[in-house]
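Survey of secondary and tertiary structure
Listed below, chain by chain, are the residues.
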Amino acid sequence: MQSFIQSLSKESFLRTFVEYYSQREESPMQYIFASALHCMTTLAGRKCSVALGSKKVYLPLYLILVGRSGFMRKTSALYCAQENILAVDPSLTFPSDGISAGAFFDILVRKPHRSAICTELRQLIPHNSKITDTRLIPLLTNLADCPSRISFSYKNRSVVGEFAKEVSVKEPYFTLLGATTIEWFDIDPSDIAGGFMGR
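Residues numbered from 1 in each chain as written. Predicted model: local features only at pLDDT ≥ 70, side-chain atom pairs only at ≥ 80, totals over all residues. Heavy atoms only, no water.

Glancing now at the environment of Ile150. Within the secondary structure layout, Ile150 lies in strand 5 (residues 149–158). The sequence separation of Ile150 and Glu171 amounts to 21 residues, and the corresponding C-alpha distance is 7.9 Å. Apart from residues no more than four positions distant in its own chain, Ile150 is found in contact with Phe105, Leu139, Asn142, Leu143, Val167, Ser168, Val169 and Pro172. (Helix = DSSP H or I, 4+ residues; strand = E, 2+ residues; numbered from the N terminus. Contact = heavy atoms within 4.5 Å.)

So this is what it looks like as structure tokens:
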């Protein structure tokens, strides 16, 4: 990893970020590099794309740091990215622990460009299906493809009864940086159906 970083231009953001935080944090360089990637792709947003035929492909990343609790300094690496994102635009981040799909979508409605930094991924995506909003995984999966528009249906209850409501967000852009242990991956395939882990 170190030889790869040193092969980058001295002026590059990735090299500057990794060298700066590697001197100040005890996290492995690979974790700091992942944080640098998250920071870069979050701040670039839809301003950066790659042409694939006639289609624009955007570059939101979902990154997960995996390691033993208490030893690998995963959280320290996450804070490297968070510190930089907050310095540029504090409104990009939001508290993501235990959020429902509806609450998550409400956040996107207010600002379609968002970043989630989860110090423990299981708090965003717990294994217990009784706790997890089963609509959250498909929503995150669809957002990874950076569609031009995404819609979400609510069932609202009020004194006059239950009614459905559909809301859409134009040009969403979502990035994810999370940390977890290897045990989190011992999960039921239905928890990650729809290609979420592929993203």
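It is worth spelling out the pairing of strand 4 (residues 113–118) at this point. Here strand 4 lies mainly inside the structure; five of its six residues are buried. Where strand 4 lies against strand 7 (residues 173–180), six bridges are found, and the strand directions are parallel. Paired with Arg114 across the two strands is Phe174, which belongs to strand 7. (Buried < 20%, exposed > 50% of the residue type's maximum accessible area, 1.4 Å probe, protein only. Pairing = 2+ DSSP bridges.)

Moving on, we come to the side chain of Lys74. Along the chain, Lys74 turns up in helix 4 (residues 74–88). Of the side chains with opposite charge, Glu120 comes closest to the buried, unpaired Lys74, at an N-O distance of 6.0 Å. Those residues within four positions of Lys74 in sequence are excluded, and the remaining contacts are Tyr31, Leu65, Val66, Gly67, Arg68, Ser69, Ala179 and Thr180. (Lys, Arg positive; Asp, Glu negative; His and termini not counted. Salt bridge = Lys/Arg side-chain N within 4 Å of Asp/Glu carboxyl O.)

What follows is about the pattern of salt bridges. Side-chain pairs of opposite charge can arise whenever the charged atoms involved come near each other. Across all of its chains, the model carries three salt bridges by this definition. Across the pair Glu19 and Arg15 runs a salt bridge, and its minimum N-O distance is 2.9 Å. Of this pair, Glu19 and Arg15 both sit in helix 2 (residues 13–22), four residues apart, which is roughly one turn of that helix. Judged by its relative accessible area of 32%, Glu19 is partly exposed. With a shortest N-O distance of 3.3 Å, Arg73 and Glu26 are connected by a salt bridge. Of the two residues, Arg73 sits in the loop between strand 3 (62–66) and helix 4 while Glu26 sits in the loop between helix 2 and helix 3 (29–44), which places them 47 residues apart along the sequence.

Below, the discussion takes up the sheet that holds strand 3. Reading across from one edge, 3-7-4 is the order of the three strands in this open sheet, with parallel pairing throughout. With one partner strand each, in any of the chains shown, strand 3 and strand 4 form the two edges of the open sheet. Between one strand and the next, the sheet's axes are offset by a mean angle of 5 degrees, whatever the strand orientation. (Axes fitted to C-alpha atoms, helices over the stretch in contact; angles between N-to-C directions.)

The subject of this paragraph is the environment of Thr16. Residue position: Thr16 is located in helix 2. Classification of Thr16 by relative accessible area gives partly exposed; the value is 42%. Residues Thr16 and Ala36 lie 20 residues apart in sequence; the distance between their C-alpha atoms is 9.4 Å. Those residues in contact with Thr16 that sit more than four places away from it in its chain are Lys10 and Glu11. In this structure the side chain of Thr16 is engaged in a polar contact, spanning 2.9 Å, whose partner is the backbone oxygen of Ser12. (Polar contact = N/O pair within 3.5 Å; in protein donor to acceptor, adjacent residues only side chain to side chain.)

So, about helix 4. Along its 15 residues, helix 4 runs 22 Å from first to last C-alpha, staying within 8% of the 21 Å computed at 1.5 Å per residue. Residues of helix 4 that are buried: Lys74, Ala77, Leu78, Cys80, Ala81 and Ile85. Each buried residue of helix 4 lies within a common arc of 145 degrees when the element is viewed along its axis, so the set occupies one face. Of the surrounding elements, those touching the buried residues of helix 4 are helix 2, helix 3, strand 3, strand 4 and strand 7. (Expected span 1.5 Å × (residues − 1). Arc of directions from axis to C-beta.)

This part covers the packing of helix 3 against helix 4. The geometry of a pair of packed helices is captured by two quantities: the angle between their axes and the separation between those axes. Packing of helix 3 against helix 4 leaves a shortest axis separation of 8 Å and a crossing angle of 25 degrees. The angle between helix 3 and helix 4 places the two elements in the roughly parallel class. In terms of crossing hand, the pair formed by helix 3 and helix 4 is right-handed. Along the contact surface, helix 3 presents Tyr31, Ile32, Ser35, His38, Cys39, Thr42 and Leu43, while helix 4 presents Lys74, Ala77, Leu78, Cys80, Ala81, Asn84, Ile85 and Val88. Its residues placed into classes, the contact of helix 3 with helix 4 shows ten nonpolar, four polar and one charged. (Parallel < 35°, antiparallel > 145°, perpendicular 65-115°, else oblique. Left-handed = near helix turned anticlockwise from the far one by under 90°. Nonpolar A, V, L, I, M, F, W, Y, C, P; charged D, E, K, R; others polar.)

Time to look at the packing of aromatic side chains. Applying the stated criterion across every chain yields a total of nine aromatic pairs. Relative to Phe174, the ring of Phe104 has its centre 5.1 Å away and its plane inclined at 90 degrees; by these criteria the two rings are edge-to-face. Here Phe104 is found in helix 5 (residues 101–110), whereas its partner Phe174 is found in strand 7, with 70 residues between them in sequence. The class for Phe174 is buried, based on a relative accessible area of 1%. (Phe/Tyr/Trp six-rings, centres within 6.5 Å; stacked < 30°, edge-to-face > 60°.)

So yeah, pure geometry; function would need other evidence.
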